[in-house]
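Single-letter residue listing:
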Amino acid sequence: MSSTFSAASPASTQSAPAAKRWMLWLGRIFTALVVATLAFSASKKLGQSPEVIQGFEKSGYPGSVLLTIGITELLCMVLYAVPRTAVLGAILVTGYLGGATSTHVRLSEPFIAPILVGVFAWAGLFLRDARLRALLPLRRSP
């Protein structure tokens, strides 16, 4: 049983025309930025410094959930970083960032950062994965 949305083989990315290589590399750069941002954020949570715990409690969350949220963020990041699970990872990252956005909105704080990370996550995946571009084609107006 074959699927239109199966895992991409290395040959499919290597045979991309030169005009499409810029998309692949820009997608990789966006992906690396998202992974670095999530890794940094998760490491701060997993480190459980007093400043981070205090900031979390100020946001209305008990410090006791910091480790769980940090692990969740790290797992979402890993799923996003692995090509085979990147679509699932992007969906989970989007959900995670939706919660972060909601928290910032509730506290009347600027909330553009988690939205931008989500946009970069999907843009990176869209640019580096031809399967996603085929599933969600961007069409030009006639």
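Residues numbered from 1 in each chain as written. Predicted model: local features only at pLDDT ≥ 70, side-chain atom pairs only at ≥ 80, totals over all residues. Heavy atoms only, no water.

A. View of the overall build of the protein. Each helix and strand counted, the protein has 7 helices and 0 strands in total. Mapped in sequence order, the helices and strands of the protein form the string α-α-α-α-α-α-α. Looking at the protein residue by residue over its 142 residues, the buried ones come to 31%. Taking as baseline every contact in the protein between residues at least 6 positions apart, the subset at least 24 positions apart corresponds to 59%. (Helix = DSSP H or I, 4+ residues; strand = E, 2+ residues; numbered from the N terminus. Buried < 20%, exposed > 50% of the residue type's maximum accessible area, 1.4 Å probe, protein only. Contact = heavy atoms within 4.5 Å.)

B. A look at the confidence of the model for the protein. Counting all residues, the mean pLDDT for the protein is 87, and 85% of those residues have values of 70 or more. Below pLDDT 50 for its whole length, residues 1-15 participates in 10 contacts with residues either more than four positions away or in separate chains. (pLDDT = per-residue confidence, 0-100.)

C. Fine view of the packing of helix 4 (residues 66-81) against helix 5 (residues 86-106). At a minimum axis distance of 7 Å, the contact between helix 4 and helix 5 shows a crossing angle of 145 degrees. In this structure, the crossing between helix 4 and helix 5 has a hand that is left-handed. On helix 5, the residues touching Ile-69, Glu-73, Cys-76, Met-77, Leu-79 and Tyr-80 of helix 4 are Ala-86, Leu-88, Gly-89, Ala-90, Leu-92, Val-93 and Tyr-96. Looking at side-chain class alone, the contact of helix 4 with helix 5 contains 11 nonpolar, 1 polar and 1 charged residues. (Axes fitted to C-alpha atoms, helices over the stretch in contact; angles between N-to-C directions. Left-handed = near helix turned anticlockwise from the far one by under 90°. Nonpolar A, V, L, I, M, F, W, Y, C, P; charged D, E, K, R; others polar.)

D. Broad picture of unusual backbone geometry. Despite not being glycine, Gln-48 has its phi angle at roughly 50 degrees, a positive value. Counting through the fold element by element, Gln-48 comes out in the loop between helix 2 (18-47) and helix 3 (50-58). Judged by its relative accessible area of 32%, Gln-48 falls in the partly exposed class. One non-glycine residue, Ser-108, lies in positive phi territory at about 55 degrees. Along the chain, Ser-108 falls in the loop between helix 5 and helix 6 (112-128).

E. Local environment of a nonpolar patch on the surface. Judged by side-chain polarity, Leu-46, Leu-67, Ile-71, Leu-74, Leu-75, Val-78 and Val-82 come together as a nonpolar surface patch covering roughly 520 Å² of accessible area. As for its position among the elements, Leu-67 is in helix 4. (Patch = residues over 30% accessible without salt bridge, like charges linked within 9 Å, V, L, I, M, F, W, Y side chains within 5 Å. Areas by Shrake-Rupley, 256 points an atom, 1.4 Å probe, with all protein chains shown as cover. Salt bridge = Lys/Arg side-chain N within 4 Å of Asp/Glu carboxyl O.)

F. Spotlight on the nonpolar core. Of all hydrophobic cores here, the largest spans 17 residues; its most connected members are Val-34, Leu-38, Tyr-80, Val-93, Leu-97, Ala-121 and Leu-125. If you list the elements that add at least two residues to this core, you get helix 2, helix 4, helix 5 and helix 6. Of the residues forming this core, the biggest block, 6 residues, is contributed by helix 5. (Core = buried A, V, L, I, M, F, W, Y, C linked by side-chain atoms within 4.5 Å.)

G. Main features of the environment of Gln-48. The spacing of Gln-48 and Gly-70 is 22 residues in sequence and 9.4 Å in space, taken between C-alpha atoms. Filtering out sequence-adjacent residues up to four positions away, Gln-48 remains in contact with Ile-53, Leu-66 and Leu-67.

H. A look at the UniProt feature "transmembrane region" (unreviewed entry) in the protein. Within the UniProt annotation, "transmembrane region" (unreviewed entry) is assigned to residues 22-41, 61-80, 87-105 and 111-130. Secondary structure across residues 22-41 divides into 100% helix and 0% strand, with the first and last C-alpha atoms of the span separated by 29 Å. (UniProt positions renumbered as here; feature names shortened; annotations may be inferred.)

I. Representation of helix 5 in the model. For helix 5, with 21 residues, the first-to-last C-alpha span of 30 Å sits near the 30 Å given by 1.5 Å per residue. Where helix 5 is concerned, the buried positions are Ala-86, Val-87, Gly-89, Ala-90, Val-93, Tyr-96, Leu-97, Thr-101 and Thr-103. The positive-phi residue at the C-terminal boundary of helix 5 is Ser-108, with phi of around 55 degrees. (Expected span 1.5 Å × (residues − 1).)

J. Looking closely at the pattern of salt bridges. Per the counting criterion, the structure on display carries 2 salt bridges. Across the pair Glu-73 and Lys-45 runs a salt bridge, and its minimum N-O distance is 3.1 Å. Taken as a pair, Glu-73 in helix 4 and Lys-45 in helix 2 lie far apart in primary sequence, 28 residues in all. Classification of Glu-73 by relative accessible area gives buried; the value is 2%. A salt bridge links Asp-129 to Arg-131; its shortest N-O distance comes to 2.6 Å. Asp-129 gets classed as buried once you look at its relative accessible area, which sits at 7%.

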